[in-house]
Amino acid sequence: MRDGHPDVDLRHEGVTIRMITVTDDYYGLTERHIELARQISAVARTLDLPADPSAVQTVQVTVDALAGLDVVAFWRALLGYQDRADSGEDLIDLHRRGAPFYFQQMDAPRPQRNRVHVDVWVPYDQAEVRIAAALAADGRLVNDADAPSNWVLADPEGNEACVGVAGWIGPDAGRP
C-alpha cells in the first residue's frame, strides 16, 4: 500500500480492510490506518455489515538469521516475494495477499529458542485485550521491557510472538 489506499475485502460475514504502509524506511501499521479503518467500519455499519475494530491488525513473520543474505534469497525464491526497497531484510508480496517477512540478523546461534516468530500489530486500545486473551490461552509473557509499544509472548511450547501497537499516545506519538 505504497500510496495509502486500503485493500477492501467485502464478504457476507463482513468487511476486511488491509492497510499497510510500504516505504523505503517504514513498513507497518500507522495511526492513519486505524482512523481510516474506523471510518470504513462506520460506512459498513450503515450497510448493515458487521464491523469489528478489535480485529484490526497487521501480521509479519520474523526470521532470525545468521546467514542473512542466503536465508533471504531462499525465502524470496520460495514465496515469490520481492525485496522492500533496498532494505535487504524485508520481503513483501507485491500483490498484498501474504504477510511480509522480516529477517533479523543474529550474531550467534541461540540454542533453546525458536528462530521464526510472528509479529502482530494491533491498535493501542486493543493490545491489552489481545495480550490477555493470549495469556489466558496458556501463553506466557517473555518480555515487556518495551511496553507499552511492544511485548514478547510465548505459546506453551516456547514459540514466540511479538505484539506491537499503532496509535499509541506516548512520547513517540508523532511517528507514522
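Residues numbered from 1 in each chain as written. Predicted model: local features only at pLDDT ≥ 70, side-chain atom pairs only at ≥ 80, totals over all residues. Heavy atoms only, no water.

### Considering the nonpolar core
Spelled out, the test is: Grouping buried Ala, Val, Leu, Ile, Met, Phe, Trp, Tyr and Cys residues that are joined through side-chain atoms within 4.5 Å yields what is termed a nonpolar core. The buried label goes to any residue with under 20% of its type's maximum accessible area, the exposed label to any with over 50%, and the partly exposed label to all in between, with areas taken from a 1.4 Å probe on protein chains only. Per the convention used, a helix needs a DSSP run of H or I reaching at least four residues, while a strand needs a run of E reaching at least two, with both numbered from the N terminus. By definition in these notes, contact holds between two residues if any of their heavy atoms fall within 4.5 Å.
One finds Val120, Val122, Ala127, Ile131, Trp151, Leu153, Val163 and Val165 forming the largest nonpolar core, which totals 8 residues. Only strand E9 (116-123), helix H3 (124-136), strand E11 (150-154) and strand E12 (160-166) provide two or more residues apiece to this core. Setting aside residues up to four positions removed in sequence, Leu153 forms contacts with Ile131, Ala134, Leu135, Arg140, Leu141, Val142, Asn159, Glu160, Ala161 and Val163. Formed by 7 residues, the second largest nonpolar core is a distinct cluster that contains Val63, Val72, Leu91 and Phe101.

### Description of the environment of Ile40
Its place among the elements puts Ile40 in helix H1 (residues 31-46). As a C-alpha pair, Ile40 and Val8 span 32 residues in sequence and 9.2 Å in three-dimensional space. With near-sequence residues (within four places) excluded, Ile40 lies in contact with Pro6, Val15 and Ile17.

### Things to note about H1
For the record, the criterion: The length a helix should cover is 1.5 Å for every residue beyond the first. Along the arc lie the directions from the helix axis toward the C-beta atoms.
Over its 16 residues, H1 extends 23 Å from the first C-alpha to the last, a length consistent with the 22 Å expected when each residue adds 1.5 Å. What H1 keeps buried is the set His33, Ile34, Leu36, Ala37, Ile40, Ser41 and Ala44. Seen along its axis, H1 keeps its buried residues to an arc of 165 degrees; they face one direction. The exposed residues of H1 that point more than 90 degrees off its buried face are Arg32 and Thr46. Count one or two residues on from H1 and you reach Asp48, which has phi positive near 60 degrees.

### A word on the environment of Asp138
Looking at the element boundaries, Asp138 is found in the loop between H3 and strand E10 (140-143). Take Asp138: its relative accessible area is 59%, and that puts it in the exposed class. Sequence separation of Asp138 and Ala154 is 16 residues, and the distance between their C-alpha atoms is 8.9 Å. When near neighbours in sequence (up to four residues on either side) are disregarded, Asp138 contacts Asp155 and Pro156.

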